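Coordinates in review
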Amino acid sequence: MPFTFTMTPVDVELLMPEILMTGLLSLILCLDFLFPRIGKTTLAWLSIAGMGGIFLLLAGYFIDGRHGTLFHEMYVIDPMAIFFKAFILGTTILVFLASIDYLKKVPVFRGEYYFLGLLAALGMMLMVSANDLLSLFITLEFSTFSFYILVAYLRDDPKSNEAGLKFFILGVFAAGLLAFGISLIYGETGSIIFTDFARMHAHLTPGMVIGFLLIFVALGFKIGAVPFHAWVPDIYQGAPTPVTAFLSIAPKAATFAILLRIFTATLGDIRGDWVWLIVAISAVSMTYGNIVAISQKNIKRLLAYSGIAQIGNVLIGLAAASKMGDGAILFYLMTYLFANLGAFTVVIIFSNLTNSDDLEDYNGLSRRSPLLAGALLIFFLSLAGVPPLAGFIGKLYVFVAAMNEGLLALVVIGGINIVISMYYYLIVIKRVYIYMPKDNAPIPVSFPMRLVLITTVGGVLLLGIYPKAFIEISAAAAELFSRML
Amino acid sequence: MNLELFWNKQIGFPLLTLLIFLPVAGAASLWMRRDPRGARVEVLILSLIELVLSLLLFVKFASGVPAMQFVENVPWIVPLGINYHVGIDGISLFLVILTTLLTALTVIYSWDRVREHLREYLICLLILETTMIGVFVSLDLILFFVFWEVMLIPMYFLIKTWGSGPERDHAALKYVVYNLTGSVLMLVGFIILYLNYHDWAVTQLGRNPYSFNYLHLLFAPLPLEKQLWIFGLVFLGFAVKGPVFPFHTWLPGAMLEGPIAVSVMLSGVKLGSYGLLRFNLPLTPEASQMAVPLMMTLALAGLIYGALIALTRPNLMAMMAYGGISHLGFVTIGLFALNPIGIEGALLQMVNLGVAGAGMIFILGFLNDRRGSFDLDEYGGLAKRAPRLAALSMVIVLASLAFPGTNVFIGEFMVLAGVFQVYWVYAAIGVSAVILGAAYMFSMYGRVMMGEIRKPEVAAMSDLNSRETVIAFTMAGLIVWIGLYPIPLLSRMEPSVRAVVERLKEGNVPDSAIVRIDPNNPHAYILKMLADPNSDLSQTLKNLPEKPVR
């Protein structure tokens, strides 16, 4: 097939968010090395402002319902992609805000941090629009590459270096599996475009089964579902905490965009053939993550395991593979964004002062900073799924979607997991509220941090108490996405 | 049961919303307060306002109709069919009043006893009050679940922070884990119910296909198999909270280790049995009928087991905890008699045992404050030192063992009468448990109050002060009043109970021959029937006699 490269003005308009993002990160990079005396905090605020503008542009696109495909169907813009792009930008903005204080402690390369963060965000924005296996591979590697550097950012800290190396090896391994899977599928079908597979309604040949399984394993690494989760705790613990927060949300959400495209849109017709796989992985992820989280002594590891369990919960929605399930996934990811990022923000603020992530040091936090303790309480209760917070509505939504497809057993397992998770969240809350602190020094919360906390607490409360608008957004994104293909 | 009287028809302001959220608003305003005395006064005034508001419900309540009253219905999460929908009927009315009364008395009780973290303690109490009232008045299953779950948080902190026992950490966590397990299973049951309604509504109504509205859910027919699932799952939630034997193991721990406030609420506010009556019986009528033998067995086992254990415990609080489990068995056998007198007796008994049980706990609190122990052997001959305490606690003890003239006697009589109609063996076993109850209550009273004073500490104990007298006198007064003149309660309860019994008779499986009318548009059905010349309604109209029959 001769490849012709054409770009109409409409295409440029569709690509405008990514083009602007590229411009923004080039600007940040140039400013950083052309004017070394410029404050790094200024760079941070500049990137945040730029991303805020692009976020608004995306919101406009979403409301207009723009959609289209580019480059011979390699690349797709639809409400689902726009939703995820906005989601990733929102995450990046909050992570940057939460990084400002943290970076003041890092001696060198502070400007590059923001550049790399923007680069990773751009990679993920491209990734959620990937509409064939090749663009999936390229964009996935693009976004992961920046993370390799970000994870190993603290070059004097052996733990950070170790985490970077581990992440790199596992990431490359996953990339190998992905490439192998793609080659098998191409060999069997002669196509790499998602929509082609859907149109073919082909029955699965053994080669395709192996191919899709390999792709699923590679994506399983990215979302950290059991049994591909082994890297998660070590890397969460070793990486700089703002990077951990970033890593725990944005790449997972972007990968879910791909999973939705592959599973519900492309392979939706043969749901019966793969649903058991997702059900099993979902059940095992929830149960394993929650049980292992109980015995953790380090809050970052605790959040890593709770994150594995949360991903299991999102997979419940994927197992439903219905419009409602898709909407539930999008909504659940929003609740997860606010609660998880909020919890990590508390960890960042705390470790900035104390240089410790040990749970023991959280004893008596409520006496040192009622704000932090209250925020942590709300985030943990939301993660556990206590009403009327965001997590409860999210869990209810995925449960209803799954029950609609007859997955009673999975919902019961999910329900029991709420109980298990409540146990370890309560243990932390007990430390925070009831134990006496060793050190009574109050913990100051700076303005950017306060901003992140207010946004995330507000998000958790809003999504819990008045989720109507957000459910409608998720449902609209899922609805149009399903119709498009 | 499906009628709704809206608040603006009955009273000039949204009374139920005020009742639910006033305590939370008060809790929020407490954050600002620094002085403990001001906080106490503020909370006392708040809880008294709550009590007055709930009594206003009693006054304005329209008796004689099974309708939901003071209804408020505002859309909340429209895409999922969740509304802010509250209302009360004869089933929930007195439980709401009991909740506000017990909260007010608990605030009075805690007046000078809680000194550490006073502000947080009062906040927990107020949030607890909100959630308990919310549970009783919610007519939307998710709203109900929200209150049901949030309740665990203040309870956890109350047991954990202000508990007196050494094992309170463990007890608090056990409380949360047990109740959370029960309630997530209940949620699964609710979701099955919700999706069943959806399937039915899509074919029958063609609109409004999602709803968690209790009144809507009553309309959708349920196949028997689904009913059994839902009954089982929802029952587990309520059985743990109840607690129904054998799901009771968290209760003694929570009561022994927790503060008096927790014990008062756990033994006074019968949330689990309310849930059974509100949800299990009407929503799954056929399954409830099938479950009668199992339920009776569990309830009677709890009745006998609780009483036997209570007989052997040398600890006052443990005795009351197991006594509470035994009492709950009585409520449950009454409910599953499934006839008007049994259910009404059970409902009355929830209130009566709430009063008597909470009263006993307050008495134990008074004793423990003076003597620092729940151990039976530490007391003896107290009546000589504290005649007022002895007299008022006598009334409460008599009520607990269903002495004629007290409120519990009436409830127990009705329950047994109802159960006799079903199967005399159940009632006979129930009666034998009454004797066991009398045995442990009398032996307890005798060992604490009667005999010679053996310990010098007892000789130094003082009688009730004025605050304590108010509490004990209120409880004793209620016991005697309901015991002698229960008509105001029964007349308000009866229509709602009858509606539940009707519902149980009609059944709810798809092929039962009941006419189902769209709850949102009852006229459409009648018009359709009139248009069809062969319909029952048209035939009936045709055959109507010339003169109306009187």
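All figures in this text were calculated on a predicted structure; none of them were measured in a lab.

Describing the overall build of chain A
A count of helices and strands for chain A gives 19 helices and 2 strands. Taken over the C-alpha atoms alone, chain A extends approximately 70 × 60 × 40 Å along its principal axes. Within the span of chain A, comprising 485 residues, buried residues form 63% of the whole. In chain A, once contacts between residues fewer than 6 apart in sequence are set aside, the share between residues at least 24 apart is 79%. With an accessible surface of roughly 16700 Å², chain A has 70% of that area assigned to carbon and sulfur atoms.

Thoughts on the packing of aromatic side chains
Centre-to-centre distance and the angle between the planes together describe a pair of aromatic rings. All names here are of chain B. In the structure shown here, the tally under the stated rule is 50 aromatic pairs over all chains. Pairing Phe58 with Phe94 gives two aromatic rings, centres 5.7 Å apart and planes at 65°, and the pair type is edge-to-face. One end of the pair, Phe58, is in helix α3 (residues 36–60); the other, Phe94, is in helix α4 (residues 90–109), and 36 residues separate them in sequence. On the basis of relative accessible area, Phe94 is assigned to the buried category, the value being 7%. Aromatic side chains Phe245 and Tyr305 sit 5.0 Å apart centroid to centroid with 45° between the ring planes, which places their arrangement in the tilted category. Taken as a pair, Phe245 in the loop between α10 (224–241) and α11 (250–257) and Tyr305 in helix α14 (residues 285–312) lie far apart in primary sequence, 60 residues in all.

Looking at the environment of Glu13(A)
Residues and elements named next belong to chain A. As for its position among the elements, Glu13 is in helix α1 (residues 9–34). Among the residues examined, Glu13 registers a relative accessible area of 37% and is labelled partly exposed. Filtering out sequence-adjacent residues up to four positions away, Glu13 remains in contact with Tyr61 and Arg66.

Observations regarding a nonpolar patch on the surface
Residue and element names in this part refer to chain B. On the surface, a cluster of nonpolar side chains totalling about 620 Å² of accessible area is made up of Phe420, Val422, Tyr423, Trp424, Val431 and Ile435. The element that contributes the greatest number of residues to the nonpolar patch is helix α20 (residues 424–449), accounting for 3 residues. In this fold, Tyr423 is placed in the loop between α19 (407–422) and α20.

Section: the packing of helix α12 (residues 299–320) of chain A against helix α13 (residues 323–354) of chain A
All names here are of chain A. Running from N to C, α12 and α13 cross one another at 170°; their axes reach a closest spacing of 9 Å. Taken together, the axis directions place α12 and α13 in an arrangement best described as roughly antiparallel. Contacts from Ile299, Lys300, Leu303, Gly307, Gln310, Asn313, Val314, Gly317, Leu318 and Ala320 in α12 reach Gly325, Ile329, Tyr332, Leu333, Tyr336, Asn340, Ala343, Phe344 and Val347 in α13. Split into classes, the residues belonging to the contact of α12 with α13 amount to 12 nonpolar, 6 polar and 1 charged.

Describing the confidence of the model for chain B
On average, residues of chain B score 86 in pLDDT, and 91% of them reach the 70 mark or higher. Helix α24 (residues 522–531) of chain B is the least confidently modelled element of chain B, averaging 57 in pLDDT, while α4(B) averages 93, the highest of any element.

Brief notes about the nonpolar core
In this structure, Phe84(A), Phe380(A), Phe336(B), Leu367(B) and Leu382(B) are the most contacted members of the largest nonpolar core, which totals 413 residues. In this structure Phe336(B) touches Phe231(B), Leu276(B), Leu281(B), Ser288(B), Val292(B), Met295(B) and Met296(B), once residues within four positions along its chain are discounted.

Looking at the pattern of salt bridges
Residue and element names in this part refer to chain A. As enumerated under the stated definition, the model contains 26 salt bridges over all chains in all. Glu162 serves as the salt-bridge partner of Lys166, at 3.0 Å between the closest nitrogen and oxygen. Of the two residues, Lys166 and Glu162 both sit in helix α6 (residues 158–189), 4 residues apart, roughly one turn of that helix. The exposure class of Lys166 is partly exposed, given its relative accessible area of 29%. Of the charged contacts, one joins Asp234 and Lys166 as a salt bridge, the two residues approaching to 2.7 Å between their closest N and O atoms.

Description of the sheet that holds strand β3 (residues 82–88) of chain B
Adjacent strands of a sheet form backbone hydrogen bonds with each other and so pair up, either parallel or antiparallel. Residue and element names in this part refer to chain B. In spatial order, the strands read β1-β2-β3; together these 3 strands make up an open sheet with mixed pairing. Either end of the sheet is taken by a strand with one partner, and the two such strands are β1 (4–6) and β3. Shown here is a sheet whose adjacent strand axes are inclined to one another by a mean of 45°, direction ignored. The sheet contact formed by strand β2 (residues 68–77) and β3 spans 6 bridges and is antiparallel. In the strand pairing of β3, Asn73 is matched with His85.

How each quantity is defined
Residues numbered from 1 in each chain as written. Chains lettered and ligands numbered in written order. Predicted model: local features only at pLDDT ≥ 70, side-chain atom pairs only at ≥ 80, totals over all residues. Heavy atoms only, no water. Helix = DSSP H or I, 4+ residues; strand = E, 2+ residues; numbered from the N terminus. Buried < 20%, exposed > 50% of the residue type's maximum accessible area, 1.4 Å probe, protein only. Contact = heavy atoms within 4.5 Å. Areas by Shrake-Rupley, 256 points an atom, 1.4 Å probe, with all protein chains shown as cover. Phe/Tyr/Trp six-rings, centres within 6.5 Å; stacked < 30°, edge-to-face > 60°. Patch = residues over 30% accessible without salt bridge, like charges linked within 9 Å, V, L, I, M, F, W, Y side chains within 5 Å. Salt bridge = Lys/Arg side-chain N within 4 Å of Asp/Glu carboxyl O. Axes fitted to C-alpha atoms, helices over the stretch in contact; angles between N-to-C directions. Parallel < 35°, antiparallel > 145°, perpendicular 65-115°, else oblique. Nonpolar A, V, L, I, M, F, W, Y, C, P; charged D, E, K, R; others polar. pLDDT = per-residue confidence, 0-100. Core = buried A, V, L, I, M, F, W, Y, C linked by side-chain atoms within 4.5 Å. Pairing = 2+ DSSP bridges.

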